[in-house]
Amino acid sequence: QGLLKESGGGLVQAGGSLRLSCSANGRTFNTYALGWFRQAPGKGRDFVAAISPGAATIRYADSVKGRFTISRDGPNDALYLQMDDLKPEDTAVYYCAAGSLDGFASGGSSFWGQGTQVTVSS
């Protein structure tokens with residue numbers, strides 16, 4: 001069983017919202033930076049957002065700034081991504097990740113979830 005598991009994906013119309021969740025299984029990730037990545041059909045896995053342990057530092061990809069909000073609940077080892085004003089180009093499989101902020105910037109992660117599908121219709 002995976003150590004990270006995403007939920008909350010689904011189908012939504014353009015301009016709508018979804019909230020993704022990621023939970024830890026079997027160990028704590030409260031000392032890790034956590035993040036979200038996504039992979040659209042035929043594309044590579046791209047960085048979306050990241051948050052440091054304690055949430056002091058938050059980073060977003062330019063494509064989602066002002067629309068997505070990342071947050072975490074340290075005591076419960078939970079990660080969230082609030083996605084507002086969704087666009088068809090946001091359609092992708094979304095993955096949660098645990099690692100470091102510098103690692104995320106390079107596209108890497110120590111741990112990955114299995115992904116949850118987000119589909120945005122026009």
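The preceding data block contains the structure.
Each value, and the rule that gives it
Along each chain, the written sequence defines residue order, and numbers are assigned to residues from 1. Owing to the predicted nature of the model, reporting of local features is limited to residues with pLDDT of at least 70; listing and counting of side-chain atom pairs is limited to 80 or more, with chain, interface and lining totals taken over all residues. Values shown for side chains rest on all heavy atoms present in the structure; no hydrogens or waters enter the calculation. Aromatic rings from Phe, Tyr and Trp, with only the six-membered ring used for Trp, were paired whenever their centres fell within 6.5 Å, and each pair was classed as stacked if the ring planes differed by under 30 degrees, edge-to-face if by over 60, and tilted otherwise. To qualify as a helix, a DSSP run of H or I must reach at least 4 residues; to qualify as a strand, a run of E must reach at least 2; elements of each kind are numbered from the N terminus. Buried, partly exposed and exposed residues are distinguished by accessible area as a fraction of the type maximum, computed with a 1.4 Å probe on protein chains only: under 20%, between the cut-offs, and over 50%, respectively. Only when the NZ atom of a Lys or the CZ atom of an Arg is both within 6 Å of the ring centre and within 35 degrees of the ring normal do we say a charge sits over the ring. Two cysteine sulfurs form what is called a disulfide whenever their separation falls within 2.5 Å. Strand pairing requires that DSSP identify at least two bridges connecting the strands. The convention used is that axes are lines fitted to C-alpha atoms, helices contributing only their stretch in contact, and that angles between N-to-C directions extend from 0 to 180 degrees. Side-chain atoms alone can form a polar contact between residues adjacent in sequence; in general such a contact is a pair of N or O atoms within 3.5 Å, and within protein one must be able to donate a hydrogen while the other accepts it. Residue contacts are counted whenever heavy atoms from the two residues lie within 4.5 Å of one another.

Student: Tell me what's going on with the packing of aromatic side chains, and back it up with residues and numbers.
Tutor: What describes a pair of aromatic rings is the distance from one ring centre to the other and the angle between the planes of the rings. Taken as a whole, this structure holds 6 aromatic pairs when the rule is applied. For the pair F37 and F47, a centre-to-centre distance of 5.7 Å together with 75° between the ring planes defines the contact as edge-to-face. Separated by 10 residues along the polypeptide, F37 in strand β4 (residues 33–39) and F47 in strand β5 (residues 45–51) bring together distant segments of the chain. Centre to centre, the rings of F37 and F104 are 5.6 Å apart; their planes meet at 75°, and the pair counts as edge-to-face. Linking F37 in strand β4 with F104 in helix α1 (residues 101–105), this pair joins segments that are 67 residues apart in sequence. When its relative accessible area of 1% is taken as the criterion, F37 is described as buried. On the basis of relative accessibility, which here comes to 1%, the residue F104 falls in the buried class. Among the aromatic residues, those joined into a ring-pair cluster are F37, F47, F104 and W112. The residue whose ring lies beneath R19 is Y80, and the NZ or CZ to ring-centre distance is 4.1 Å. Its guanidinium or amino end placed over the ring of Y95, R45 lies 3.8 Å from that ring's centre, counting from NZ or CZ.

Student: Outline the state of the cysteines, supporting the account with residue identities and numerical values.
Tutor: Applying the stated criterion to the full structure yields 1 disulfide. The disulfide partner of C22 is C96, and the S-S distance across this bridge is 2.1 Å. Torsion about the S-S bond of the C22 and C96 cystine: about 50°, corresponding to right-handed handedness. Of this pair, C22 sits in strand β3 (residues 18–24) while C96 sits in strand β9 (residues 92–99); the two residues are 74 residues apart in sequence, bridging distant segments of the chain. We classify C22 as buried; its relative accessible area is 4%. Overall, C96 belongs to the buried group, its relative accessible area being 0%.

Student: So what about the sheet that holds strand β1 (residues 4–7)? Which residues, and what values?
Tutor: Each strand in a sheet pairs with its neighbour through backbone hydrogen bonds, running either in the same direction (parallel) or in the opposite one (antiparallel). If you walk across this open sheet you meet the 4 strands as β1-β3-β8-β7, and the pairing is antiparallel. With partners counted over all chains shown, the strands left at the sheet margins are β1 and β7 (68–73), one partner each. Averaged over all neighbouring strand pairs, the angle between strand axes comes to 15°, with direction disregarded. For β7 and strand β8 (residues 78–83), the ladder comprises 6 bridges, and the chain directions are antiparallel. Its bridge partner being in β8, T69 is matched across the sheet by Q82.

Student: Lay out the side chain of R38 with the relevant residues and their values.
Tutor: Take R38: it is sitting in strand β4. A distance of 2.9 Å separates the side chain of R38 from the side chain of D90, its partner in a polar contact. A polar contact is formed between the side chain of R38 and the side chain of Y94, at a distance of 2.9 Å. Not counting chain neighbours up to four residues away, the residues in contact with R38 comprise G44, R45, D46, V48, S63, V64, F68, E89, D90, A92, V93 and Y94.

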